[in-house]
Amino acid sequence: MKTVFETEFAGRKLSVESGEIAKQADGSVLVRFGDTVVLATACCADEPKEGDFFPLTVNYEEKSYAVGKIPGSFLRREGRPGEHATLSARLIDRPIRPLFADGFRNEVQIVATVMSCDRDNTPEMTGMLGASLALCVSDIPFDGPVAGVYVGRVNGELIIDPTEEQAAQSDINLAVAGTEEAIMMVEAGAAEVPEEEMLDAIMFGFEAIKKLCAWQKEIIAQIGKPKREIQLYQADPAIKADIDSRIGERLKKAISIFDKLERQDAVDALKKEIIEDYDHREYEDEHDHKMSMLMVNDILEGMVAAEVRRLITEEKIRPDGRKVDEIRPLDCQIDLLPRAHGSAMFTRGQTQVIGTTTLGPLADKQLIDNLTSEEERRFMHHYNFPPYSVGEIGRMGSPGRREIGHGKLGERALSYVLPTEEEFPYTIRCVADVVESNGSSSQASICANCMSLMASGVPIKGIVSGIAMGLITSGPLDGNHPYTILTDIQGLEDHFGDMDFKCAGTAKGLTALQMDIKIHGVTREVLSEALAQANRARAEIRAKIEECIPEPRKEVSKYAPKMVTFKIPTDKIREVIGKGGETIQGMVRECGGAAIDVEDDGTITIYHSDRAMIEKAKAMIDDITREARIGEIFEGKVTRVEDYGAFVNLFGDTDGLCHVSRLKWDYVDNAADIVKVGDSLKVVVIGLDEKGKVKVSHREFEEKPEGYVERPEREARPKGHGGFNGKGGRDSRGPRGNSHGPRGGKNDR
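None of these values were measured; they are calculated from a predicted model.

Draft legend 1. Main features of the sheet that holds strand β22 (residues 562–567). Across the sheet, three strands lie side by side as β22-β24-β23; this open sheet has antiparallel pairing. Each having just a single partner strand, β22 and β23 (595–598) make up the two edges of the open sheet. Here the average twist between neighbouring strands, direction ignored, is 15 degrees. The strands touched by helix α14 (residues 611–625) within the sheet are β22, β23 and β24 (603–608), with β22 carrying the most contacts at an inclination of about 20 degrees.

Draft legend 2. Region of interest: the nonpolar core. Ile-96, Phe-100, Ile-183, Ile-202, Phe-501, Leu-513 and Val-522 are the most contacted members of the largest nonpolar core, which has 133 residues in total. Here this core gets twelve residues from one element, more than from any other, and that element is helix α4 (residues 195–223). Apart from residues lying up to four places away in sequence, Phe-501 is in contact with Ile-467, Ala-468, Met-469, Leu-513, Gln-514, Met-515, Leu-527, Ala-530 and Leu-531. Grouped together as the second largest cluster of nonpolar side chains are 27 residues, Val-267, Met-303, Leu-311 and Ile-472 included.

Draft legend 3. Structural context of the sheet that holds strand β29 (residues 694–697). Reading around the barrel, the five strands line up as β25-β26-β27-β29-β28 and close back on themselves, with mixed pairing between neighbours. Between one strand axis and the next, the sheet turns through 55 degrees on average, direction left out of account. Strand direction decides the pairing type here: strand β28 (residues 680–688) and β29, joined by four bridges, are antiparallel. The residue bridging Val-685 from the neighbouring strand is Val-696, located in β29.

Draft legend 4. Seen up close, α14. In this model, α14 (15 residues) spans 21 Å end to end at C-alpha, consistent with the 21 Å of a helix rising 1.5 Å per residue. In this structure, the buried residues of α14 make contact with β22, α12 (573–577), α13 (582–590), β23 and β24. The N-terminus of α14 is capped by Asp-610, whose side-chain oxygen sits 2.9 Å from the backbone nitrogen of Ala-612.

Draft legend 5. Here's a closer look at the state of the cysteines. This structure, assessed with the given rule, holds zero disulfides. Cys-447 forms no disulfide, and the closest cysteine sulfur to it belongs to Cys-332, at a distance of 7.4 Å. According to the relative accessible area criterion, Cys-447 is buried, its value standing at 0%.

Draft legend 6. Spotlight on helix α11 (residues 524–548). End to end, α11 covers 36 Å across 25 residues, agreeing with the expected 36 Å (1.5 Å per residue, within 8%). Every buried residue of α11 is listed here: Val-526, Leu-527, Ala-530, Leu-531, Gln-533, Ala-534, Ala-537, Arg-538, Ile-541, Arg-542 and Ile-545.

Draft legend 7. Quick peek at the pairing of β24. Among the six residues that make up β24, six are buried, leaving the element largely enclosed by the rest of the structure. Alternating residues of β24 divide into Thr-603, Thr-605 and Tyr-607 and Ile-604, Ile-606 and His-608, and every residue in both groups is buried. Two strands pair when backbone bridges link them, and β22 and β24 are joined in this way by six bridges, in the antiparallel orientation. Bridge pairing links Thr-565 to Thr-605 in β24. The loop that links β23 with its antiparallel partner β24 comprises four residues; one of these, Gly-602, has a positive phi angle of about 90 degrees.

Draft legend 8. Structural context of the environment of Tyr-65. Take Tyr-65: it is sitting in the loop between β5 (56–62) and α1 (83–96). Using a relative accessible area of 47% as the deciding quantity, one classes Tyr-65 as partly exposed. Ignoring sequence-local partners within four residues, the contact set of Tyr-65 consists of Glu-78 and Met-115.

Draft legend 9. Molecular detail of the packing of helix α9 (residues 441–455) against α11. In contact at an axis separation of 11 Å, α9 and α11 are set at 30 degrees when each is read in the N-to-C sense. Relative to α11, the element α9 is oriented roughly parallel. The element α9 and its partner α11 pack so that their crossing is right-handed. Contacts from Cys-447, Met-451 and Met-454 in α9 reach Ile-541, Ile-545 and Cys-548 in α11.

Draft legend 10. Representation of the side chain of Arg-328. With respect to the helices, strands and loops of the structure, Arg-328 is situated in the loop between α7 (286–315) and β11 (330–334). Residue classification places Arg-328 among the buried residues on the basis of a relative accessible area of 5%. Not counting residues within four places of it along the chain, the set of residues in contact with Arg-328 comprises Asp-320, Arg-322, Arg-348, Gly-349, Gln-350, Thr-351, Asn-438, Gly-439, Ser-440, Asp-488, Ile-489 and Gln-490.

Draft legend 11. Layout of the packing of helix α2 (residues 123–137) against α4. Packing of α2 against α4 brings their axes to within 10 Å, and their N-to-C directions diverge by 30 degrees. In terms of their interaxial angle, α2 and α4 are classed as roughly parallel. The way α2 lies across α4 gives a crossing that is right-handed. Contacts between α2 and α4 involve Leu-129, Ser-132, Leu-133, Cys-136 and Val-137 from the former and Trp-215, Gln-216, Ile-219, Ile-220 and Ile-223 from the latter.

Draft legend 12. Local environment of the side chain of Asp-655. Mapped onto the elements of the fold, Asp-655 is located in strand β27 (residues 654–659). For Asp-655, a relative accessible area of 1% puts it in the buried group. Of the polar contacts made by the side chain of Asp-655, one reaches the side chain of Thr-639; its length is 3.0 Å. In this structure the side chain of Asp-655 is engaged in a polar contact, spanning 2.9 Å, whose partner is the side chain of Asn-649.

Draft legend 13. The packing of aromatic side chains, seen in detail. Within the structure shown, the criterion is met by ten aromatic pairs. A centroid spacing of 5.1 Å and a plane angle of 50 degrees characterise the contact between Phe-100 and Phe-142, whose relative ring orientation is tilted. Here the residue Phe-100 occupies a position in the loop between α1 and β6 (106–116), and Phe-142 occupies one in the loop between α2 and β7 (147–154), the gap between them amounting to 42 residues. A single burial state applies to Phe-100 and to Phe-142, both of which are buried. Each residue in the set Phe-54, Phe-100, Phe-104 and Phe-142 is aromatic and connected to the rest through ring pairs, giving one cluster. Sitting over the face of the ring of Tyr-278, Arg-281 holds its NZ or CZ atom 3.7 Å from the ring centroid. Stacked on the ring of Phe-566, the Lys or Arg Lys-618 has its end atom at 4.8 Å from the ring centre.

Conventions we followed
- Residues numbered from 1 in each chain as written.
- Predicted model: local features only at pLDDT ≥ 70, side-chain atom pairs only at ≥ 80, totals over all residues.
- Heavy atoms only, no water.
- Pairing = 2+ DSSP bridges.
- Helix = DSSP H or I, 4+ residues; strand = E, 2+ residues; numbered from the N terminus.
- Axes fitted to C-alpha atoms, helices over the stretch in contact; angles between N-to-C directions.
- Contact = heavy atoms within 4.5 Å.
- Core = buried A, V, L, I, M, F, W, Y, C linked by side-chain atoms within 4.5 Å.
- Buried < 20%, exposed > 50% of the residue type's maximum accessible area, 1.4 Å probe, protein only.
- Expected span 1.5 Å × (residues − 1).
- Polar contact = N/O pair within 3.5 Å; in protein donor to acceptor, adjacent residues only side chain to side chain.
- Disulfide = S-S within 2.5 Å.
- Parallel < 35°, antiparallel > 145°, perpendicular 65-115°, else oblique.
- Left-handed = near helix turned anticlockwise from the far one by under 90°.
- Phe/Tyr/Trp six-rings, centres within 6.5 Å; stacked < 30°, edge-to-face > 60°.
- Lys NZ or Arg CZ within 6 Å of the ring centre and 35° of its normal.

And the structure:
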């Protein structure tokens with residue numbers, strides 16, 4: 001039976017429908033927020049899956065019909081998830097995953113399908129609410145509910161789930177998720193906002209989350225199913241005790257080795273000793289053998305985790321011997337790659353990233369096809385994590401969810417310091433290639449590409465540095481259990497820790513945040529302490545970057561396209577482009593492949609690595625768009641001679657008629673008696689009309705006879721010459737003829 005629940009949230013109607021759609025799923029709800037509609041479903045396998053991890057999958061499905069569009073693909077149907085859908089799926093996954101019990105091995109799939117999209121009412125957070133409710137009303141064991149909101153700030157006022165117009169004006173773009181008790185996830189971009197102001201925004205969002213969670217509990221109380229019994233994975237205590245007695249002390253020593261690879265080799269040798277022993281024992285069947293080996297691996301992993309956590313929380317000793325707030329050794333270099341427009345390498349301990357910046361014309365903007373209002377993107381930041389960076393062999397190909405997420409985080413962090421399109425009319429692409437990794441490679445990519453941007457001559461507004469903070473707890477964050485916040489976490493601390501909190505920004509404030517946790521939430525106190533510790537670390541990294549490159553270069557690379565920007569009257573755009581783009585394409589060919597972007601407001605930007613080609617193209621456009629002015633003097637070539645006068649080319653394809661009476665002060669019967677085609681003739685503009693006719697005179701440059709009397713100008717005798725249009729006088733089809741067809745496309749080259 002269909003049940004509907006309604007409330008008001010952020011000044012808008014929010015409703016949940018259950019019992020009518022997708023009834024065979026373990027849990028399903030249809031959530032409506034304004035005109036946004038998301039169907040959320042949850043299904044759980046009956047039996048646990050073999051493996052040492054929780055197999056949770058979150059799918060965020062964007063349907064083009066949700067915004068009244070037909071997909072732009074060749075097949076005209078939705079294909080693989082785009083970047084926005086992937087990032088939205090990660091946004092939902094991150095706060096939900098920690099709320100399943102340890103040892104949960106049954107496969108769970110959550111699908112959030114956006115069926116109607118009102119961009120003023122967030123489909124992403126509507127999907128998160130739906131995913132939480134689908135799990136909570138089902139029989140799947142889940143320690144929810146959870147909810148998320150967007151927070152913006154316009155003119156100093158914090159706003160929950162801002163509209164699209166408000167978001168465009170906001171200096172904070174924050175996504176925060178949590179339970180009624182604590183914050184679970186933070187994702188933010190900000191225009192250099194101080195830490196305390198960002199904390200206020202996070203807590204403002206948290207208060208709204210509490211209301212959503214309380215409302216969900218009311219719904220769950222009415223329609224929630226009893227939870228099924230799930231067999232949670234647990235290691236055999238006897239096997240655990242046996243392994244600990246044999247290698248426990250040696251494992252502690254191995255974990256204390258500074259170098260990552262040496263430490264890993266030592267730990268792997270001890271693991272191998274145990275694994276080979278249990279692998280060669282006798283078992284009843286292959287299944288028992290397989291399950292036993294999975295358990296042994298899990299016990300070994302748990303022993304490493306327990307020792308890492310003990311060292312940090314009890315002895316305040318990190319695996320590599322650093323203090324809890326100490327950064328690994330730093331190194332910065334620029335100009336590694338001579339032909340890249342900008343290149344840099346940032347090294348922090350055993351994490352190393354090569355960043356590159358490429359500049360292109362605005363026509364190279366990325367075209368966007370998703371449910372957002374974004375149609376094109378001028379700045380792109382791509383992150384690559386090849387398997388060799390961690391000494392492994394693995395798949396290489398299109399980016400996975402993690403690479404897309406890390407790339408977007410770097411893009412967000414750097415976007416707030418970029419010059420505007422008007423200030424710097426280039427498309428900008430940064431690439432971060434991780435060549436060595438031991439944790440915090442996403443923040444290293446931000447540092448590397450901040451330097452590559454400066455090396456390429458992009459006038460950024462400030463140096464952005466990033467750091468990853470960690471958290472190791474000894475129990476609930478209730479004030480009774482000590483915890484340790486770590487600066488610059490390495491791989492081992494990230495893997496076995498409770499929090500990964502990435503912070504990036506300038507000296508003025510934060511530009512990006514991302515927090516993921518493995519426990520049931522963190523408090524304001526923990527976040528405040530982590531942000532303060534991160535601020536000190538970012539300042540240290542920023543100082544190191546400044547030693548390498550203190551400010552952006554004044555000029556772009558000699559291999560980068562140079563550019564010039566200017567405006568023409570909008571009524572001249574058609575003439576510059578020409579029929580079917582014929583004129584502009586001819587200029588591109590004649591000017592060595594120069595890229596010429598033409599905007600609707602008449603802004604023209606010309607790009608080429610050779611400044612001379614830019615000037616040549618500009619001169620050609622100037623000639624096309626230029627208009628003669630009365631009193632201007634030209635030294636032009638005679639292009640055509642009739643008995644009534646001579647046509648003189650002034651510039652481009654603009655000719656002026658020098659009437660026979662204006663060739664000399666004395667009477668001239670036929671212009672051919674004075675000039676011929678190809679002669680150079682100095683003239684002054686003496687008249688213009690609304691049809692574009694240009695009248696010029698030469699006689700002003702000759703001595704005027706004494707007693708000269710002006711004679712009336714005689715009309716041209718009709719000889720089938722047609723009208724004169726000021727553009728060479730060769731077209732009888734109107735003031736400008738029909739030499740130009742419909743205007744070419746925007747940015748047509």
